[in-house]
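If you want the building blocks of each chain, they are given just below.
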Amino acid sequence: MSDTVESVIVAIDGPSGTGKSSTSKAVASALGLSYLDTGAQYRAITWWMISNGIDVSDAAAVAAVAGKPVIESGTDPAAPAITVDGLDASGPIRTQEVTSKVSAVSAVPEVRTVITDLQRSIASAAGKGIVVEGRDIGTTVLPDADLKIFLTASPEARAARRSGEIKGSDVAATREALIRRDTADSSRKTSPLAKADDAVEVDTTELTLQQVIECVVTLVEERRSAPKQVAR
Ligand SMILES: Nc1ncnc2c1ncn2[C@@H]1O[C@H](COP(=O)(O)OP(=O)(O)O)[C@@H](O)[C@H]1O
Ligand SMILES: Nc1ccn([C@@H]2O[C@H](COP(=O)(O)OP(=O)(O)O)[C@@H](O)[C@H]2O)c(=O)n1
């Protein structure tokens, strides 16, 4: 038996508020892996489009400049970082305006090509392995991931969690906005939000965050100790 632990790639997908970011960061920290928030990258390119006066409802206009912004993502789960053209984008990408426009930008195929290439290069550079969270990681970005998780939760639980983060927010309005974004993300033509056939689905509605983290850590450890499938 070897003492060296092999690199492991974990894909965590699912709709908003299912616990992807919290779970992915904690699992990466617990296992000494890198971490990538792909939603932050789509938010970052959306922020750049808004800041540069691009009409995000005009797919051709978005496509024409998709390759322009330089997006850099930190991969330390203890200090997630994202810059656009060298500027810290971690605050501006969380505004209501970006949240309401990100699905239109992320549906543009040219945007997805640029961001997917970036995600693959970050994942392949992560020496000890990486937890990558998003909407299409298991289906499109990293179809050969060692472990694929698809998190779900009821719209009510997701809205309650999300509005708990924003002071004075209205749960019903948050729920409607989440459902609108899920519908847009699931129905776009290019790489929609979807569960990969070989993903493990975890319904987090009745679970605490700690229970979800423990479940995913156990699944990674099981996968690591299972004999590798040898291609013949
Ligand atoms: N199982 C859970 N039970 C209760 N709250 C949770 C659970 N998972 C996540 N949360 C909380 O819900 C909010 C959204 O979680 P987050 O990880 O950002 O979800 P996502 O990345 O899927 O949008 C956060 O405030 C987080 O602490
Ligand atoms: N792999 C991914 C990740 C996010 N996205 C897009 O980016 C948006 C923001 O993702 P996010 O993960 O930050 O969203 P939240 O779950 O944090 O609300 C999603 O609504 C999708 O439109 C995507 O298209 N593909």
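Conventions and cut-offs
- Residues numbered from 1 in each chain as written.
- Chains lettered and ligands numbered in written order.
- Predicted model: local features only at pLDDT ≥ 70, side-chain atom pairs only at ≥ 80, totals over all residues.
- Heavy atoms only, no water.
- UniProt positions renumbered as here; feature names shortened; annotations may be inferred.
- Helix = DSSP H or I, 4+ residues; strand = E, 2+ residues; numbered from the N terminus.
- Rg over C-alpha atoms; globule rule 2.2 N^0.38 Å.
- Buried < 20%, exposed > 50% of the residue type's maximum accessible area, 1.4 Å probe, protein only.
- Contact = heavy atoms within 4.5 Å.
- Near = heavy atom within 4 Å.
- Polar contact = N/O pair within 3.5 Å; in protein donor to acceptor, adjacent residues only side chain to side chain.
- Areas by Shrake-Rupley, 256 points an atom, 1.4 Å probe, with all protein chains shown as cover.
- Nonpolar A, V, L, I, M, F, W, Y, C, P; charged D, E, K, R; others polar.

An unreviewed UniProt entry lists the protein under the name Cytidylate kinase, with Streptomyces zhihengii as the source organism. Here is the UniProt Subcellular location (unreviewed entry) comment for the protein, exactly as written: "Cytoplasm".

(A) Molecular detail of the overall build of the protein. Broken down by element type, the protein carries nine helices and eight strands. Radius of gyration (C-alpha) of the protein: 18 Å, near the 17 Å computed for a compact globule of 232 residues. Taken over the C-alpha atoms alone, the protein extends approximately 60 × 40 × 30 Å along its principal axes. In the protein, buried positions account for 45% of the 232 residues. A fraction of 77% describes how many contacts in the protein between residues 6 or more apart in sequence connect residues 24 or more apart.

(B) Region of interest: the side chain of T46. With respect to the helices, strands and loops of the structure, T46 is situated in helix α2 (residues 38-51). If we skip the residues at most four places from it in the chain, T46 touches V98, K101, V102 and V105.

(C) Quick peek at the environment of A199. Structurally, the position occupied by A199 is in the loop between α8 (171-187) and β8 (200-203). For A199, a relative accessible area of 14% puts it in the buried group. Sequence separation between A199 and D13 is 186 residues; the distance between their C-alpha atoms is 9.1 Å. When residues no more than four places from it in sequence are discounted, the contact partners of A199 are K148, I149 and F150.

(D) Looking closely at the site of ligand 1. Among the 16 residues in the neighbourhood of ligand 1, the closest are listed as G17, K20, S22, R162 and E165. Contact distances for ligand 1 include 2.8 Å between an oxygen atom and a side-chain N or O atom of E165. One nitrogen or oxygen atom from the main chain of L207 is found 2.9 Å from a nitrogen atom belonging to ligand 1. Against a free-state accessible area of 560 Å², the protein chains account for coverage of 78% of ligand 1.

(E) Broad picture of the site of ligand 2. Around ligand 2 there are 19 residues in total, and S16, R43, R112, R181 and D185 lie nearest to it. Here an oxygen atom of ligand 2 sits 2.7 Å away from a polar atom, N or O, in the side chain of S16. S106 has a polar side-chain atom sitting 2.8 Å from an oxygen atom of ligand 2. With the chains in place, 98% of the 540 Å² that ligand 2 exposes on its own is no longer accessible. Of all the secondary-structure elements, those providing two or more residues to the shell around ligand 2 are α2, α4 (96-106) and α8. Counting residues per element, the shell around ligand 2 draws most heavily on α2, which supplies four residues. Classifying every residue of the shell around ligand 2 by side-chain character gives three nonpolar, six polar and 10 charged.

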